[in-house]
Amino acid sequence: MEIINFQILKSDNLTINCDLRSIPENRKKPLVIFLHGFKSFRNWGFIPFCCEFFAKNGFMVINFDYSMNGIIDSEKSIFDTEIFARQTISSHLNDFIYLIEKIKAKDIVINDYLARYWNNQVFTIGHSMGGAISLLGYDKVRQDKIVLWATISQIDRNTERQKQIWKEKGYTEIKIMPSEQILHLNYSYIEDKEKNFADNSILNSLKFIDIPVLIIHPKNDMVVKINEAEELY
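Residues numbered from 1 in each chain as written. Predicted model: local features only at pLDDT ≥ 70, side-chain atom pairs only at ≥ 80, totals over all residues. Heavy atoms only, no water.

Asks: Requested: an account of the side chain of Ser40, with residues and values cited.
Replies: Mapped onto the elements, Ser40 comes out in the loop between strand 3 (29-35) and helix 1 (47-56). In this structure Ser40 touches Ile47, Asn69 and Phe79, once residues within four positions along its chain are discounted. (Helix = DSSP H or I, 4+ residues; strand = E, 2+ residues; numbered from the N terminus. Contact = heavy atoms within 4.5 Å.)

See below:
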């Protein structure tokens, strides 16, 4: 199996860090894009093993870090506090759209590899928030198939009391396990959601999707309850 690490530099001088996994064969294959969730990154937990599985079973796979997820040490789960604090749903969505645009425009460092092995189909697997990003970006990305893995059904996930405290402080604190690093997430995260994403925006996006969508969800997920999968269905 080949693993190719590459970066895409954005106009804000942040980078989208990517890994491509594939087994070179004398045929062209679909490309799977894996979108990670909140507080996560491309090498978090099961994600590399999942990507390896699909690469061994007839796909090319790209998993990537959102440019503002802030990860600087994936082995120790250490984040850049300043970058992490400024992330928004819109920034993640724009990264996803930009990545696919660069791939489809053949304006990417792995273009020769794609030209040789890619059949021009794009499938996405999104975990948790990543699944929501894949749905919200469909009108511009137009992927061929979508897999939602423990995906959230609602953008607004905080009570009014939580948001008020968040606004008064200007940030909320988030503890990262297992590093126990305490991070701040700016109130601009909430402002972005309120400005750019209406109530039920994730659910509404499904109304305009006419491609196959597979929903996978564990019954005992303690973070994203199974009723959210039922709402999506």
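Asks: Break down unusual backbone geometry for me, with residues and values.
Replies: Glycine aside, the phi torsion of most residues is negative, and most peptide linkages are trans. A cis geometry characterises the amide bond from Met177 onward to Pro178, with omega recorded as 5°. When you line up the elements, Pro178 lands in the loop between strand 9 (171-176) and strand 10 (181-186).

Asks: Residues and numbers for the layout of surface pockets, please.
Replies: Of the pockets and cavities examined, the largest pocket occupies roughly 850 Å³. Of the residues forming the lining of the largest pocket, the biggest block, four residues, is contributed by strand 9. Residue composition of the lining of the largest pocket, grouped by class: 17 nonpolar, eight polar and five charged. The computed volume of the second largest pocket comes to approximately 240 Å³. Looking at the second largest pocket, it is lined by 15 residues, and the ones nearest its centre are Phe54, Thr124, Ile125, Val147 and Leu214. Of all the elements in the fold, those that place two or more residues in the lining of the second largest pocket are helix 1, strand 7 (118-127), strand 8 (145-149) and strand 11 (213-216). Here the element with the most residues in the lining of the second largest pocket is strand 8; it accounts for four residues. Along the lines of polarity and charge, the residues of the lining of the second largest pocket split into 13 nonpolar, one polar and one charged. (1 Å grid on protein atoms, 1.4 Å probe; cavity = no way out; pocket = protein on both sides within 12 Å on 5 of 7 lines; lining within 4 Å. Points joined across faces, edges and corners; volume = space filled by probe spheres on them. Nonpolar A, V, L, I, M, F, W, Y, C, P; charged D, E, K, R; others polar.)

Asks: Describe the nonpolar core, listing the residues and the values that go with them.
Replies: By size, the foremost hydrophobic cluster in this structure holds 57 residues, and its most contacted members are Ile33, Ile62, Phe64 and Ile103. Leave out the neighbours within four places in its chain, and Ile103 touches Leu31, Ile33, Ile62, Ile108, Leu114 and Trp118. Listed in part, the nine residues of the second largest apolar core include Phe34, Ile47, Ala55 and Val61. (Core = buried A, V, L, I, M, F, W, Y, C linked by side-chain atoms within 4.5 Å. Buried < 20%, exposed > 50% of the residue type's maximum accessible area, 1.4 Å probe, protein only.)

Asks: Describe the packing of helix 3 (residues 89-104) against helix 5 (residues 129-136), naming the residues involved and giving the relevant values.
Replies: In the contact formed by helix 3 and helix 5, the axes pass within 10 Å of each other and the chain directions differ by 65°. Two packed elements cross with a definite hand, and for helix 3 against helix 5 that hand is right-handed. Counted together, Ile89, His92, Leu93 and Phe96 of helix 3 and Met129, Ile133, Ser134 and Leu136 of helix 5 form the full contact between these two elements. When grouped by side-chain class, the residues that make up the contact of helix 3 with helix 5 number six nonpolar, two polar and no charged. (Axes fitted to C-alpha atoms, helices over the stretch in contact; angles between N-to-C directions. Left-handed = near helix turned anticlockwise from the far one by under 90°.)

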